[in-house]
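What follows is the residue order along each chain.
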Protein chains: 2
Amino acid sequence: MNAELIFVGTELLLGNIVNTNGAYLAERLAAIGVDSYYQTVVGDNAERLMSVLKIAFDRSDVVILSGGLGPTQDDITKETVAEYFHKELLLDEEIKADIAAYFKKRGREMAENNIKQAMIPVGAKALKNANGTAPGVLIEEGGKVAILLPGPPSELKPLFAEQVEPFLKAKSGSILYSVLVKVCGISESKIAEQLDDLIQMQGKVTVAPYAKLGEVHLRVTAKGNDEKEAKKAVKPIVKEIKSRLGSAVYTTHEEVTLEQAVVDLLLANKLTVTTVESCTGGLIAGRLINVSGVSEVFKSGFVTYSNKAKKRIVGVKKLTLQKYGAVSTETVLEMARGAAIYSKADVAVAVSGIAGPDGGTAEKPVGLVYIGCCVCGEVTVREYHFSGNREKVRQSTVTEALILMRDCILKNYAEKTFKKE
Amino acid sequence: MNAELIFVGTELLLGNIVNTNGAYLAERLAAIGVDSYYQTVVGDNAERLMSVLKIAFDRSDVVILSGGLGPTQDDITKETVAEYFHKELLLDEEIKADIAAYFKKRGREMAENNIKQAMIPVGAKALKNANGTAPGVLIEEGGKVAILLPGPPSELKPLFAEQVEPFLKAKSGSILYSVLVKVCGISESKIAEQLDDLIQMQGKVTVAPYAKLGEVHLRVTAKGNDEKEAKKAVKPIVKEIKSRLGSAVYTTHEEVTLEQAVVDLLLANKLTVTTVESCTGGLIAGRLINVSGVSEVFKSGFVTYSNKAKKRIVGVKKLTLQKYGAVSTETVLEMARGAAIYSKADVAVAVSGIAGPDGGTAEKPVGLVYIGCCVCGEVTVREYHFSGNREKVRQSTVTEALILMRDCILKNYAEKTFKKE
């Protein structure tokens, strides 16, 4: 069984929005073992959508469409797909009641044109949408399946995960089990070297690396006759990867981010943390605070962009700044130590660098960044050379700061942490 | 003339990366007046790429492909397009020298397989790539044009802007001129109401609204026989929009972001700024520091996540926190004033809110955020109710904080600012 994707929306053709649904749906299909070879974007135009639909059903069993399910005349996805299957649209009273309830909950009256959203092709299944007014639609006929989803990611994602994935899994019949091994602090090429035999392996289990900024994710997947069999095949490979890459593996849980892993490490060791940032200007704190429940470990952080702020707030010495400059091992060391003392935090991460595009010199070029981490009084400072524009340098710095924090905490608290594992 | 887009890469089909090139190329084509009705994603597979290529040339004059120009056997875009046009590939010595020079500059030796990248279809034009090893290719034959671009955005974008846009502009013959009017602090529906006649206008000049998080961008475009004529048609419409929307228009310069507009306002009025953040945890400071040259106005900022930090660092009173709670008008007012005093900054922005998913109550639900702005001692605090997940609430807060800062500065420094305009 294979499935292809059609994204309907003139706003995509005009570049008004980035098609993040594309990556989401593609990744989910891959994860449940449904092959997908094509994606198409087309505007809110019935004739062109029909031509694209014909092409898609010529080469794929399942076509998943997103967008164009709104209440206006411009929204033509459902009408066009119904026409393709020669089906009439009929009012679904239950869906109409759902839409009315959705508006009522928000203290608003349902408009007349929302009734269009409750019209469902005869014989099709309406997929309830708890996060918006457009229900999804599933049509199955003559060996072909069309699945229509609303465009907004906040509506599409839960609807797909809860109602479409189970349907596709059952339909494809293949049982697939996968574990995502997330790795940080080793380059993709080094990982490819160390895991070459596993990545090249052409058997029941596959290992696919995905490079992310500063991280590599390895998806270990097995097909089987039942989940137990597939699980059993994946387990020893995950164990082997962990034993080869050691502590560079920060999680094998899909939903755990790098910042979550750092916060978990702080929580496990009952440590508090503070940040003192120059070129990243608050983004490290911002990323730690992505983690719900971070308040247990994060109390305060500082952005010390000027030299004066570095002196005044975290006590960097005037002489240090004069002799070595703001972007130096020495300054970052004092920033980290000063922040830890001022905040009474167990861990402090400090950053100073040249994010560009201006401010670089021959000696200290754009992309030069120092990151320091103080754990219980002991400071480690590392020098980095990042490439790319201001945005890229800053984002790379944030990720490397999280990795350095993790390294330094592990070094000091290895026993406790590994006992916990 | 119309153009369609093909993105080649199995990593897109697996959802490994988000297709940001799609939005970039679509927006640029729209901006230069080239119609584009279809986009297709296909994997690194010659047979499937060939089938997609045939479909594309059946319905479009120009096909722009990105990706699959690397040095490995998997990279098949150039070879497949050459086959479509029945063209052989020949070594381009100049391009080979460029690639060798690219490696030499980075202290590396050119590998044998990079020679593949210097092979160009007979009669085609190689497009030099200063940011990578894969040159672009332009093939024009029998009224059809194929343009091949490298996949990495840092290579694709400059190559497209510098070499492809001028070609397409000359080819389409139509002269198009547009101005982007960026608006903040008014909802999209309100703008649609106020500009209804302009947006519905079906003439020489078009006004297209694009909703962004907390902002609306209006693209005003005219076609003409020459640029002067098109410019002349756009000018009165932009003037009319500015007169209707007033100070909600923050710029008419494409490259100016909201944070840049705020920093420019601070610079123009010789004001310094500080931030004190709770739920956004550094992201407001982080966004201001996106602006290169912000060091003139931004010296320091604070993340006061705990109550203790709010008291200790910016002097929020214990009684205030006890009586009103951390998420309240009163606390945010004291945070803003305290940060301004401690930092000796003219402007201070303060934020406290419930980003979720936990921590909400019936009285103070998830999404409730207070933002305060202190300008020369006078504090304005506004209450907001944001929807969406933790990430969305935090990002909305950052944008609204910038908008509030802008409002408060304008209110206090209107004269100076408008004199400058």
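What you see is a predicted model; the values in this text were computed from it and never measured. (Residues numbered from 1 in each chain as written. Chains lettered and ligands numbered in written order. Predicted model: local features only at pLDDT ≥ 70, side-chain atom pairs only at ≥ 80, totals over all residues. Heavy atoms only, no water.)

Asker: Explain the overall build of chain A to me, please; I cannot follow it from the model alone.
Answerer: Helices and strands together make up the secondary structure of chain A, namely 15 helices and 17 strands. Principal-axis analysis of the C-alpha atoms places the extent of chain A at approximately 80 × 50 × 40 Å. Here chain A holds 421 residues, and the buried ones make up 53% of them. Sequence separation of at least 24 residues holds for 67% of the intrachain contacts in chain A that already meet a minimum separation of 6. Split by element, the accessible area of chain A, about 18500 Å² in all, is 50% carbon and sulfur. Of the charged side chains in chain A, 53 are positive and 51 negative; the average position of the first set lies 8 Å away from that of the second. (Helix = DSSP H or I, 4+ residues; strand = E, 2+ residues; numbered from the N terminus. Buried < 20%, exposed > 50% of the residue type's maximum accessible area, 1.4 Å probe, protein only. Contact = heavy atoms within 4.5 Å. Areas by Shrake-Rupley, 256 points an atom, 1.4 Å probe, with all protein chains shown as cover. Lys, Arg positive; Asp, Glu negative; His and termini not counted. Charge placed at Lys NZ, Arg CZ, Asp CG, Glu CD.)

Asker: Help me out: how do you make sense of the sheet that holds strand β17 (residues 378-385) of chain A in this one?
Answerer: Hydrogen bonding along the main chain pairs the strands of a sheet, whether they run parallel or antiparallel. An order of β17(A)-β16(A)-β15(A)-β13(A)-β14(A)-β14(B)-β13(B)-β15(B)-β16(B)-β17(B) is seen for the ten strands of this open sheet, with the pairing classed as mixed. Lying at the two open borders of the sheet, with one neighbouring strand each, are β17 of chain A together with β17 (378-385) of chain B. Between one strand and the next, the sheet's axes are offset by a mean angle of 10°, whatever the strand orientation. Along the sheet, helix α14 (residues 329-343) of chain A makes contact with β13 (273-277), β14 (298-304), β15 (347-353), β16 (368-375) and β17 of chain A, crossing β15(A) at roughly 145°. (Pairing = 2+ DSSP bridges. Axes fitted to C-alpha atoms, helices over the stretch in contact; angles between N-to-C directions.)

Asker: Explain the interface of chain B and chain A here, please?
Answerer: Many structure descriptions define interface size as the accessible area lost when the parts assemble. Taken together, the contact between chain B and chain A spans 63 residues of the former and 63 residues of the latter. Both sides together, the interface formed by chain B and chain A hides about 4800 Å², and carbon and sulfur atoms give 54% of it. On the surface where chain B and chain A come into contact, there are zero salt bridges. At the junction of chain B and chain A, the tally comes to 24 residue pairs in polar contact (both at pLDDT 80 or more). Its residues placed into classes, the side of chain B that touches chain A shows 30 nonpolar, 23 polar and ten charged. Bridge count between β14(A) and strand β14 (residues 298-304) of chain B: five bridges; the pairing is antiparallel. Note on β14(B): the bridge partner recorded for A:Ser300 is B:Thr304. (Buried area = accessible area lost by both parts, 1.4 Å probe. Salt bridge = Lys/Arg side-chain N within 4 Å of Asp/Glu carboxyl O. Polar contact = N/O pair within 3.5 Å; in protein donor to acceptor, adjacent residues only side chain to side chain. Nonpolar A, V, L, I, M, F, W, Y, C, P; charged D, E, K, R; others polar.)

Asker: Sorry if this is basic, but what is going on with the sheet that holds strand β11 (residues 215-224) of chain A here?
Answerer: Residue and element names in this part refer to chain A. Taken in spatial order, the four strands make up an open sheet running β10-β11-β9-β12, and their pairing is antiparallel. Every other strand in the sheet has two partners, leaving β10 (205-212) and β12 (249-251) as the edge strands with one partner each. Strand-to-strand twist in this sheet, taken as the mean axis angle between neighbours without regard to direction, amounts to 35°. Helix-sheet contacts for helix α9 (residues 227-245) involve β9 (175-184), β10, β11 and β12, and the interaxial angle to β11 is about 150°.

Asker: In this structure, what is going on with the packing of aromatic side chains? I would like to understand it.
Answerer: The geometry of an aromatic ring pair comes down to the distance between the two centres and the angle between the two planes. All told, the structure shown has 17 aromatic pairs over all chains when counted by the stated rule. Ring geometry for A:Phe57 and A:Tyr84: centres 5.1 Å apart, planes at 20°, overall stacked. Of the two residues, A:Phe57 sits in helix α3 (residues 46-59) while A:Tyr84 sits in helix α4 (residues 77-84), which places them 27 residues apart along the sequence. Plain terms: the ring middles of A:Tyr305 and B:Phe298 are 6.2 Å apart, the flat faces sit at 85° to each other, and that makes the pair edge-to-face. Linking A:Tyr305 in the loop between β14 and α12 (307-314) with B:Phe298 in strand β14, this pair reaches from one chain into another. B:Phe298 sits in the buried class, given a relative accessible area of 0%. Above the ring of B:Tyr38, the side-chain terminus of B:Arg59 is found at 3.7 Å from the ring centroid. Cation over ring: B:Arg312 sits above A:Tyr342, and NZ or CZ is 4.6 Å from the ring centre. (Phe/Tyr/Trp six-rings, centres within 6.5 Å; stacked < 30°, edge-to-face > 60°. Lys NZ or Arg CZ within 6 Å of the ring centre and 35° of its normal.)

Asker: Sorry, what's going on with the relation of the copies chain B and chain A here?
Answerer: The two copies are related by a screw motion: chain B maps onto chain A through a turn of 180° and a shift of 0.1 Å along the axis, at an RMSD of 0.1 Å. Here the transformation between the copies is reduced to the relation of a two-fold axis. A share of 100% of the interface residues of chain B reappears at the interface of chain A, consistent with the copies meeting face to face through the same patch. (Least-squares fit on C-alpha atoms with pLDDT ≥ 70 in both.)

Asker: Help me understand the nonpolar core in this model?
Answerer: Counting residues in hydrophobic clusters, the biggest one holds 88 residues, and the most contacted among them are A:Phe298 and B:Phe298. Among all residues touching B:Phe298, those that are not within four sequence positions of it are A:Val303, A:Tyr305, B:Val273, B:Thr275, B:Ala285, B:Leu288 and B:Ile289. (Core = buried A, V, L, I, M, F, W, Y, C linked by side-chain atoms within 4.5 Å.)

Asker: Where do I start with the pairing of β17(A) in this structure?
Answerer: For a regular strand, the rule is simple: side chains alternate between the two faces of the sheet. All names here are of chain A. Looking at chain direction, β16 and β17 are connected through eight bridges and run antiparallel. Opposite Ile-371, over in β17, you have Arg-382 as the bridge partner. Once β16 ends, the chain turns through two residues before running back antiparallel as β17, passing Cys-376 with a positive phi of about 50°.

Asker: Got a minute to help me understand the pattern of salt bridges in this structure?
Answerer: If charged atoms from side chains of opposite charge come close, those side chains can pair. Residues and elements named next belong to chain A. Overall, the coordinates contain 32 salt bridges over all chains when judged by the stated rule. In this structure, Lys-231 and Glu-227 form a salt bridge, with 3.8 Å as the shortest nitrogen-oxygen distance. Of the two residues, Lys-231 and Glu-227 are both situated in helix α9; the distance of four residues between them amounts to about one turn of the helix. Overall, Glu-227 belongs to the partly exposed group, its relative accessible area being 44%. When salt bridges that share partners are traced, they join Glu-27, Arg-219 and Glu-254 into one network.

Asker: When you look at a positive patch on the surface in this model, what are you seeing that I'm missing?
Answerer: There is a patch of like positive charges on the surface, built from A:Lys299, A:Lys344, B:Lys308, B:Lys311, B:Arg312 and B:Lys318. By residue number, the principal contributor to the positive patch is helix α12 (residues 307-314) of chain B, which donates three residues. Residue position: B:Lys318 is located in helix α13 (residues 318-324). (Patch = residues over 30% accessible without salt bridge, like charges linked within 9 Å, V, L, I, M, F, W, Y side chains within 5 Å.)

Asker: Just to check I follow, could you spell out unusual backbone geometry for this structure?
Answerer: What is expected of a backbone is that most residues other than glycine have negative phi and most peptide bonds are trans. Residues and elements named next belong to chain A. Residue Pro-357 is bonded to the preceding Gly-356 through a cis peptide linkage, with omega at 0°. Residue placement: Pro-357 occurs in the loop between β15 and β16. Positioned with a positive phi, Lys-270 is a non-glycine residue whose angle comes to about 55°. Considering the arrangement of structural elements, one finds Lys-270 in the loop between α10 (258-268) and β13. The class of Lys-270 is exposed, set by a relative accessible area of 75%. Phi angles above zero are rare outside glycine, and Cys-376 is one such case at about 50°. Take Cys-376: it is sitting in the loop between β16 and β17.

Asker: Explain helix α9 (residues 227-245) of chain B here, please?
Answerer: Each α-helix winds once per 3.6 residues, and so residues spaced three or four apart point in a common direction. Residue and element names in this part refer to chain B. Taking 1.5 Å as the rise per residue, α9 with 19 residues should run 27 Å; its terminal C-alpha atoms sit 27 Å apart, in good agreement. Within α9 the residues assigned to the buried category are Ala-230, Ala-233, Val-234, Ile-237, Val-238, Ile-241 and Leu-245. Residues of α9 that are buried in the fold lie against β9 (175-184), α7 (188-194), α8 (196-200), β10 (205-212), β11 (215-224) and β12 (249-251). (Expected span 1.5 Å × (residues − 1).)

Asker: Help me understand the packing of α12(B) against helix α14 (residues 329-343) of chain B, please; the structure alone is not making it clear to me.
Answerer: A pair of packed helices is characterised by two quantities: the angle between their axes and the separation of those axes. All names here are of chain B. Contact geometry for α12 and α14: axes closest at 9 Å, N-to-C directions at 40°. By the criterion of interaxial angle, the relationship of α12 to α14 is oblique. Of the two elements, α12 crosses α14, and the hand of that crossing is left-handed. For the pair formed by α12 and α14, the contact residues are Lys-310, Ile-313 and Val-314 on the first element and Thr-331, Glu-334, Met-335, Gly-338, Ala-339 and Tyr-342 on the second. Broken down by class, the residue content of the contact of α12 with α14 amounts to five nonpolar, two polar and two charged. (Parallel < 35°, antiparallel > 145°, perpendicular 65-115°, else oblique. Left-handed = near helix turned anticlockwise from the far one by under 90°.)

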